[in-house]
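Below, each chain spelled out in residue letters.
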Amino acid sequence: MNEIDDYIRANRERYTREALTGKLRDAGHDPADIEAAWERVGGAVGGEDAAPTASGTTRGTRGRPGIGTFLLVLLVFAGYASVGYLGVAGILFSAYYGGGEPGAPVGSVVPTALVAVYVIAMVAGFVYAGARLLRAPSVSEGASAIATAFGVSVALLFGINGACIAGVLAASAVGALR
Amino acid sequence: MIPVLWRSGGIVVQTHDVFSLLAVAIGLAIYYRSLRAAGMLEPRIIIASSAVVVGGVIGARIITAWEHPTFYADSIAAGAPVSWIVEHSGKSILGALAGGYVAGVAAKRALRYTTSTADHYALALAVATAIGRIGCYLSELPLGTSTDLPWGVAVSPAVAASFARCPGCELPMHPSMLYEVLFSVVAAAAILRWRSRVPVRGDVLRLYLLAACSFRFLVEFVRGNQVEAFGLTGPQLVVIPMVAVLVAHFVREARARTWEVPAAPAARPGVGPVQTRPPSTAPFDPSWRVT
């Protein structure tokens, strides 16, 4: 069955399962053998960390996160969403009142660029924090590792916002936001 | 027109918001269901799709922010709460698509998830767009440019007066949002019927986006949006590069003959049940391919 496995491994990143299965059937392979090959190769599991196990099935080499990890990820998600929402509004507010007389229009390039940078940083921070949490073992296996991962996400959150606030204040001070 | 779905005391439930949330919820449900059927639903997908939603929401706001700076200035000067200002600022589905795409790619890269799940978004996007556009139709004016076609929709002067800007609202208008609903329904049906015939991962979504962007370009001519430059509206100017990128992708694939799936190694004699397999049971019909 190695030739079927090799064929699937070589092409599964680019082609759909249906397309490859169709080609294998056209070549005369038994549908049961094809399905078994997909199971072995792990066509349903994407990513670099999908690896075959001794039993022939696949799983993530880091293991499955527990419910505690999911709750923490949701908490981090809610935190980033709410802080990001307020952050965008805060930048626009600072752009309006910062560096000069209130009432100046906010349509300059600098506030837009600041918002874009802020949003990209927030999304990147959330993705990093989420990934870091998912790589940690479950709560039952290692509470300290989870706490560290969660702490990293909180530090990132404050770091991103601190950097943005400092940027807005500096831009306001030189009048770049007007 | 039903811009407000429910009002009680100080609580106002906007029709557009309800349909937007409904669209996101149903879209995600379709996406997760599709992934589960393919055996691909796992924690990293949840994270990546959350990033897509956040990126979509943010992108929808940012892409329209440059269009009305006076709105922000006037709202702040009037002392409006920041949350109200963000909630009532402009939003665009094109910005949502771009923001969601960027966030999704970034999330998957960070999570080291390499298999494309784009095709599982296609049906979800079509259905979600149809639901969202119903909300637009019920709560936004103008519906489109003026028309004397029999299906033109008119609104009462009282309703028209309740909108800050409503050019042409005194005449029957093209129900441009319903055109998009119709397109989305047809697109969803086409995806369900023919998606298995697309062999390259991600191309179902790309084909849908190409069709949706092209349709949006055309429907803008009866939409009633403000002309920005070269006689084109803002959304038209945005979709032109998007369509160009997608067309370039498919031209590149056609030149490289990417849609020709590599031949599989032949089954060794006596191993495969070639003679016993009825041809009609094959779930994937390869006859469309150019070989």
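What counts, and where the lines are drawn
Residues numbered from 1 in each chain as written. Chains lettered and ligands numbered in written order. Predicted model: local features only at pLDDT ≥ 70, side-chain atom pairs only at ≥ 80, totals over all residues. Heavy atoms only, no water. Helix = DSSP H or I, 4+ residues; strand = E, 2+ residues; numbered from the N terminus. Buried < 20%, exposed > 50% of the residue type's maximum accessible area, 1.4 Å probe, protein only. Contact = heavy atoms within 4.5 Å. Patch = residues over 30% accessible without salt bridge, like charges linked within 9 Å, V, L, I, M, F, W, Y side chains within 5 Å. Areas by Shrake-Rupley, 256 points an atom, 1.4 Å probe, with all protein chains shown as cover. Salt bridge = Lys/Arg side-chain N within 4 Å of Asp/Glu carboxyl O. Phe/Tyr/Trp six-rings, centres within 6.5 Å; stacked < 30°, edge-to-face > 60°. Axes fitted to C-alpha atoms, helices over the stretch in contact; angles between N-to-C directions. Parallel < 35°, antiparallel > 145°, perpendicular 65-115°, else oblique. Left-handed = near helix turned anticlockwise from the far one by under 90°. Nonpolar A, V, L, I, M, F, W, Y, C, P; charged D, E, K, R; others polar. Expected span 1.5 Å × (residues − 1).

(A) A look at unusual backbone geometry. All names here are of chain B. With phi around 55°, Phe 230 is a residue other than glycine that occupies positive phi space. Position of Phe 230 among the secondary structure elements: in the loop between strand E3 (227-229) and strand E4 (232-233). Classification of Phe 230 as exposed rests on a relative accessible area of 77%.

(B) Inspection of the environment of Ile 134 of chain B at higher detail. With respect to the helices, strands and loops of the structure, Ile 134 of chain B is situated in helix H6 (residues 119-139). Those residues in contact with Ile 134 of chain B that lie beyond four places of it in its chain are Phe 19 and Val 181 of chain B.

(C) Expanded view of a nonpolar patch on the surface. Residues and elements named next belong to chain B. Where nonpolar side chains cluster on the molecular surface, the patch consists of Ile 2, Leu 5, Trp 6 and Ile 11 and spans about 410 Å² of accessible area. With respect to the helices and strands, the residue Ile 2 is situated in the segment before strand E1 (4-8). Here Ile 2 falls in the partly exposed class, since its relative accessible area comes to 41%.

(D) Quick look at the packing of aromatic side chains. All names here are of chain B. Summed over all chains, the structure comprises four aromatic pairs over all chains. With a centroid separation of 5.7 Å and an interplanar angle of 40°, the aromatic rings of Tyr 31 and Tyr 32 are classed as tilted. For Tyr 31, a relative accessible area of 2% puts it in the buried group. The class of Tyr 32 is partly exposed, set by a relative accessible area of 22%. Relative to Tyr 121, the ring of Tyr 31 lies with its centre 4.0 Å away and its plane at 15°, an arrangement referred to as stacked. Taken together, the positions of Tyr 31 in helix H1 (residues 15-37) and Tyr 121 in helix H6 put the pair 90 residues apart, joining distant regions of the chain. Here Tyr 31 and Tyr 121 have matching classes, each one buried.

(E) Quick peek at the packing of H6 of chain B against helix H8 (residues 176-194) of chain B. All names here are of chain B. Viewed as axis vectors pointing N to C, H6 and H8 meet at an angle of 160°, and their least axial separation amounts to 8 Å. In terms of their interaxial angle, H6 and H8 are classed as roughly antiparallel. Crossing handedness for the pair H6 and H8: left-handed. Contact residues: Ala 122, Leu 123, Ala 126, Val 127, Thr 129, Ala 130, Arg 133, Ile 134, Cys 136 and Tyr 137 in H6; Met 177, Leu 178, Glu 180, Val 181, Ser 184, Ala 187, Ala 188, Ile 191 and Leu 192 in H8. Split by residue class, the contact of H6 with H8 holds 15 nonpolar, two polar and two charged.

(F) Spatial organisation of helix H9 (residues 203-219) of chain B. All names here are of chain B. Here H9 is 17 residues long and its end C-alpha atoms lie 24 Å apart, about the 24 Å a rise of 1.5 Å per residue gives. Within H9 the residues assigned to the buried category are Asp 203, Val 204, Leu 205, Tyr 208, Leu 209, Leu 210, Ala 212, Cys 213, Arg 216 and Val 219. Turning to H9, the residues buried within the fold contact helix H5 (93-110), H6, H8 and helix H10 (234-256).

(G) The packing of H8 of chain B against H9 of chain B, seen in detail. Residues and elements named next belong to chain B. Closest axis-to-axis distance for the H8/H9 pair is 11 Å, and the angle between their directions is 160°. As summarised for this structure, H8 and H9 are arranged roughly antiparallel, according to the angle between their axes. Remark: the crossing between H8 and H9 carries right-handed chirality. The segment H8 lies against H9, with Ser 176, Tyr 179, Glu 180, Phe 183, Ala 187 and Ile 191 engaging Val 204, Tyr 208, Ala 211, Ala 212, Phe 215, Arg 216 and Val 219. The residue makeup of the contact of H8 with H9, split by class, is ten nonpolar, one polar and two charged.

(H) Local environment of the environment of Leu 123 of chain B. All names here are of chain B. Note that Leu 123 resides in helix H6. The class for Leu 123 is buried, based on a relative accessible area of 12%. Residues Leu 123 and Ala 188 lie 65 residues apart in sequence; the distance between their C-alpha atoms is 5.6 Å. In this structure Leu 123 touches Ile 30, Ala 188, Ile 191, Leu 192 and Arg 195, once residues within four positions along its chain are discounted.

(I) Highlighting the pattern of salt bridges. All names here are of chain B. Counted by the stated rule, this structure contains eight salt bridges over all chains. Residues Arg 216 and Glu 220 are paired through a salt bridge, measuring 2.9 Å at the closest nitrogen-oxygen approach. In this structure, the salt-bridge partner of Glu 260 is Arg 257, at a minimum N-O distance of 2.8 Å. A relative accessible area of 28% means that Glu 260 is categorised as partly exposed. Judged by relative accessible area, Arg 257 falls into the partly exposed class, the value being 49%. Where salt bridges share partners, they join Arg 133, Glu 180 and Arg 223 into one cluster.

(J) Geometry of H1 of chain B. Residue and element names in this part refer to chain B. Compared with an ideal rise of 1.5 Å per residue, which puts 23 residues at 33 Å, H1 spans 33 Å between its outermost C-alpha atoms and is within 8% of the ideal. Taken as a whole, H1 has its buried residues at Thr 15, His 16, Phe 19, Ala 23, Gly 27, Tyr 31, Ser 34 and Leu 35. Downstream of H1 by one or two residues, Gly 39 has phi in the positive range, about 70°.

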